[in-house]
Amino acid sequence: MEAKRIKKIMYGVLLSDGSLDKNTKRFDLYSKNKEYADYLQSVFSNLTHTKFSSMEKLDKRFGVKGWRVWSTKSKYLSNTYDKFYPNNGRKVLSPYIAKRLDAEALAHVWMCDGYLEHAKNRKKNKVQNIGWFCLESFPKEELAHLQKTLEGLGVQSSLVKKPWGFGYRIRLGGEGLQRFISLVYPYILDCFKYKTVLFYKKKSTALELPSAEHFVREYNEVDDIVRYSKKLEKTQNG
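Computed from a prediction, not measured in an experiment: that's the story for all the values here.

### What about the packing of aromatic side chains?
Under the defined criterion, the tally for this structure stands at 11 aromatic pairs. Measuring from centroid to centroid gives 5.5 Å for Y36 and F192, while their planes differ by 90°, and the two rings are edge-to-face. Residue Y36 is located in helix α2 (residues 34-44), and its partner F192 is located in the loop between α7 (174-184) and β9 (198-200); the two are separated by 156 residues in the primary sequence. Assessed through its relative accessible area of 1%, Y36 is described here as buried.

Dropping the structure here:
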């Protein structure tokens, strides 16, 4: 994998669950998903002059097993730290970073901090697909930079107020959500494919987009979605 692509992935991961230590500038990430942790360790190990490792770790707060990925020091990570943590402050989402996010980088933001909601209305027997970027750790002025990047890819979004963090979350819906899932689908690991499934009463109402045959599902009753979700969860948990 070429270095340019690896660095794009790094930007997506750092924008979400990944972090760089203030003192050592070492990379660190905790994931509940072993497949994802192993993938990142494998990809980032291609960076020169930097060693990446992974190991199982117990989250003592919740008693849940997960996996940690971390690195040694490197000039590249030190330079990257300055872009994400200017003046040793909080992590920022600057125009510089937003402009460097491509479909693959956004796929990693989605796998880490994306949430796909299927809002069910049993009275009308309908479902609304809603996508959320759970990035409340950034103020709305910075989220606007990400929205601009999404808009450049043909994906419309909006900001919705939330009572935590800086108070805003990015919402995707309708055609914008369909276009986004189509863009990132080729880069989504199997363990996160559940974050791509969109439900429609008739498949024909969905846009004809690349990979749509993989993420668009048809339903007759709202309970069909409940059964599908349980089946998918059982499959992914072995």
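### Section: the layout of surface pockets
Considering only enclosed or pocket space, the second largest pocket measures out at about 200 Å³ in volume. Forming the walls of the second largest pocket are K126, V127, Q128, N129, G173, G174, Q178, F199, Y200, K201 and Y219. Broken down by secondary-structure element, the contributors of at least two residues to the lining of the second largest pocket are β6 (126-133), α7 and β9. If one sorts the elements of the lining of the second largest pocket by residue count, β6 sits on top with 4 residues.

### Overview of the packing of helix α5 (residues 103-113) against α7
Axis separation between α5 and α7 bottoms out at 8 Å; the angle between their running directions is 105°. Taken together, the axis directions place α5 and α7 in an arrangement best described as roughly perpendicular. When α5 is examined against α7, the residues A103, L106, A107 and W110 are found in contact with a partner set consisting of F180, I181, L183 and V184. Here the residues of the contact of α5 with α7 are counted per class, giving 8 nonpolar, no polar and no charged.

### Some points on the sheet that holds strand β3 (residues 52-59)
The 4 strands lie next to each other as β1-β2-β4-β3, forming an open sheet whose pairing is antiparallel. Edge strands, defined here as strands with exactly one partner in the open sheet, are β1 (19-20) and β3. Two elements, β1 and strand β2 (residues 27-31), share 2 bridges in a ladder whose sense is antiparallel. Residue pairing for β2: S19 is matched across the bridge by D28. The strands touched by α2 are β2, β3 and β4 (64-71); relative to β3, the strand with the most contacts, the crossing angle is about 160°.

### Considerations on the pairing of strand β8 (residues 168-173)
Direction of pairing for β6 relative to β8: antiparallel, over a ladder of 4 bridges. In the strand pairing of β8, W132 is matched with R171. Hairpin connection of strand β7 (residues 158-161) to β8: 6 residues between the antiparallel strands, including G165 at a positive phi of 60°.

### Some remarks on unusual backbone geometry
Phi at K25 takes a positive value of approximately 65°, unusual for a residue other than glycine. Within the secondary structure, K25 is located in the loop between β1 and β2. Exposure remark for K25: the relative accessible area of 17% places this residue in the buried category. Despite not being glycine, H49 has its phi angle at roughly 60°, a positive value. Position of H49 relative to the elements: it lies in the loop between α2 and β3. Its relative accessible area of 76% is what places H49 among the exposed residues.

### Observations regarding helix α1 (residues 3-15)
Between its first and last C-alpha atoms α1 spans 18 Å; for 13 residues at 1.5 Å apiece the expected length is 18 Å, and the two agree. Among all positions in α1, only I6, I9, M10, Y11, G12, V13, L14 and L15 are buried.

### Overview of the nonpolar core
Judged by nonpolar contacts, the single largest core of 61 residues is most densely connected at M10, F27, F44, F133 and F180. Beyond its immediate sequence surroundings of up to four residues, M10 is in contact with F27, F44, L47, F52, Y76 and L77.

### A short note on the pattern of salt bridges
One pass over the structure, following the stated rule, counts 7 salt bridges. One salt bridge in this structure joins D28 and R68, with 3.0 Å as the shortest N-O distance. Here D28 is found in strand β2, whereas its partner R68 is found in strand β4, with 40 residues between them in sequence. A relative accessible area of 25% places D28 in the partly exposed class. As a salt-bridge pair, D190 and K193 come within 3.3 Å of each other at their nearest N and O atoms.

The rules behind these values
Residues numbered from 1 in each chain as written. Predicted model: local features only at pLDDT ≥ 70, side-chain atom pairs only at ≥ 80, totals over all residues. Heavy atoms only, no water. Phe/Tyr/Trp six-rings, centres within 6.5 Å; stacked < 30°, edge-to-face > 60°. Helix = DSSP H or I, 4+ residues; strand = E, 2+ residues; numbered from the N terminus. Buried < 20%, exposed > 50% of the residue type's maximum accessible area, 1.4 Å probe, protein only. 1 Å grid on protein atoms, 1.4 Å probe; cavity = no way out; pocket = protein on both sides within 12 Å on 5 of 7 lines; lining within 4 Å. Points joined across faces, edges and corners; volume = space filled by probe spheres on them. Axes fitted to C-alpha atoms, helices over the stretch in contact; angles between N-to-C directions. Parallel < 35°, antiparallel > 145°, perpendicular 65-115°, else oblique. Contact = heavy atoms within 4.5 Å. Nonpolar A, V, L, I, M, F, W, Y, C, P; charged D, E, K, R; others polar. Pairing = 2+ DSSP bridges. Expected span 1.5 Å × (residues − 1). Core = buried A, V, L, I, M, F, W, Y, C linked by side-chain atoms within 4.5 Å. Salt bridge = Lys/Arg side-chain N within 4 Å of Asp/Glu carboxyl O.

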